[in-house]
Amino acid sequence: MTDLPTSPPDIYQITLLRHGQSAGNAGGIYQGQAEFDLTETGRQQAQALAGRWLLEGRSFDRLISSPLARARQTAEIVASALRLPIEYDDLWMERHNGILAGLNQHEA
């Protein structure tokens, strides 16, 4: 008979956060890996979420972000409020959508 472990295995909680509204979102543009900054609304969304997490006492061990501007800017706002370092990883970038990148629906 084998001994069972006395402590439970490590449990990881992962929180996924999509970037705030970008100029591409606001303009109805297929973004893919095309670069678009956050709009003022997007910055307010990130600040509001960071504020909520602070009020709730949420804590995180790390923040990993896509290096694309809209994700990077969102991450910077959240990381600053929660005092977290940011790790940028290309694996978190939005999929490349080829010739659609940067086009609106009519142009596509």
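Help me out: how do you make sense of the packing of aromatic side chains in this one?
To describe a pair of aromatic rings, one takes the distance between the centres and the angle between the planes. The full count for this structure, using the stated rule, is one aromatic pair. For the ring pair Trp53 and Phe60, a centre distance of 4.9 Å and an interplane angle of 50 degrees mean the geometry is tilted. The exposure class assigned to Trp53 is buried, which follows from its relative accessible area of 9%.

Would you explain helix α2 (residues 40–56) in this entry?
Residues that lie three or four places apart on an α-helix share one face, since the helix turns once every 3.6 residues. For α2, with 17 residues, the first-to-last C-alpha span of 24 Å sits near the 24 Å given by 1.5 Å per residue. Those residues of α2 not exposed but buried are Gly42, Ala46, Leu49, Ala50 and Trp53. End-on view of α2: buried residues confined to an arc of 95 degrees, all on one side of the axis. Along α2, the residues that are exposed and aim more than 90 degrees away from the buried face are Ala48, Arg52 and Leu55. Close packing links the buried residues of α2 with α3 (69–82). Count one or two residues on from α2 and you reach Gly57, which has phi positive near 70 degrees.

It is not clear to me how the packing of α2 against α3 should be interpreted in this structure. Could you clarify?
Each packed pair of helices is defined by two parameters, the angle between the axes and the distance between the axes. Closest axis-to-axis distance for the α2/α3 pair is 9 Å, and the angle between their directions is 30 degrees. The angle between α2 and α3 places the two elements in the roughly parallel class. The two elements α2 and α3 meet at a crossing, and its hand is right-handed. Here Arg43, Ala46, Gln47, Ala50, Trp53 and Leu54 of α2 come into contact with α3, specifically with Thr74, Ile77, Val78, Ala81 and Leu82. By residue class, the composition of the contact of α2 with α3 is eight nonpolar, two polar and one charged.

What is the right way to read unusual backbone geometry from this model?
When glycine is set aside, most residues are seen to have a negative phi, and most peptide bonds are trans. In this structure, Arg83 takes a positive phi of about 55 degrees despite not being glycine. As for its position among the elements, Arg83 is in the loop between α3 and β2 (86–88). For Arg83, a relative accessible area of 77% gives the class exposed.

Can you walk me through the pattern of salt bridges in this structure?
Note that side chains of opposite charge can pair when their charged atoms are close. This structure, assessed with the given rule, holds four salt bridges. A salt bridge links Arg52 to Glu56; the nearest nitrogen and oxygen atoms lie 2.8 Å apart. Placement of the pair is Arg52 and Glu56 together in helix α2, with a separation of four residues, close to one helical turn. For Glu56, a relative accessible area of 43% puts it in the partly exposed group. Close ionic contact of Glu94 with Arg70 constitutes a salt bridge, the shortest N to O distance being 3.0 Å. Placement of the pair is Glu94 in the segment after β2 and Arg70 in helix α3, with a sequence separation of 24 residues. Take Arg70: its relative accessible area is 2%, and that puts it in the buried class.

Cut-offs used in this document
Residues numbered from 1 in each chain as written. Predicted model: local features only at pLDDT ≥ 70, side-chain atom pairs only at ≥ 80, totals over all residues. Heavy atoms only, no water. Phe/Tyr/Trp six-rings, centres within 6.5 Å; stacked < 30°, edge-to-face > 60°. Buried < 20%, exposed > 50% of the residue type's maximum accessible area, 1.4 Å probe, protein only. Helix = DSSP H or I, 4+ residues; strand = E, 2+ residues; numbered from the N terminus. Expected span 1.5 Å × (residues − 1). Arc of directions from axis to C-beta. Contact = heavy atoms within 4.5 Å. Axes fitted to C-alpha atoms, helices over the stretch in contact; angles between N-to-C directions. Parallel < 35°, antiparallel > 145°, perpendicular 65-115°, else oblique. Left-handed = near helix turned anticlockwise from the far one by under 90°. Nonpolar A, V, L, I, M, F, W, Y, C, P; charged D, E, K, R; others polar. Salt bridge = Lys/Arg side-chain N within 4 Å of Asp/Glu carboxyl O.

Structural measurements only, silent on function.
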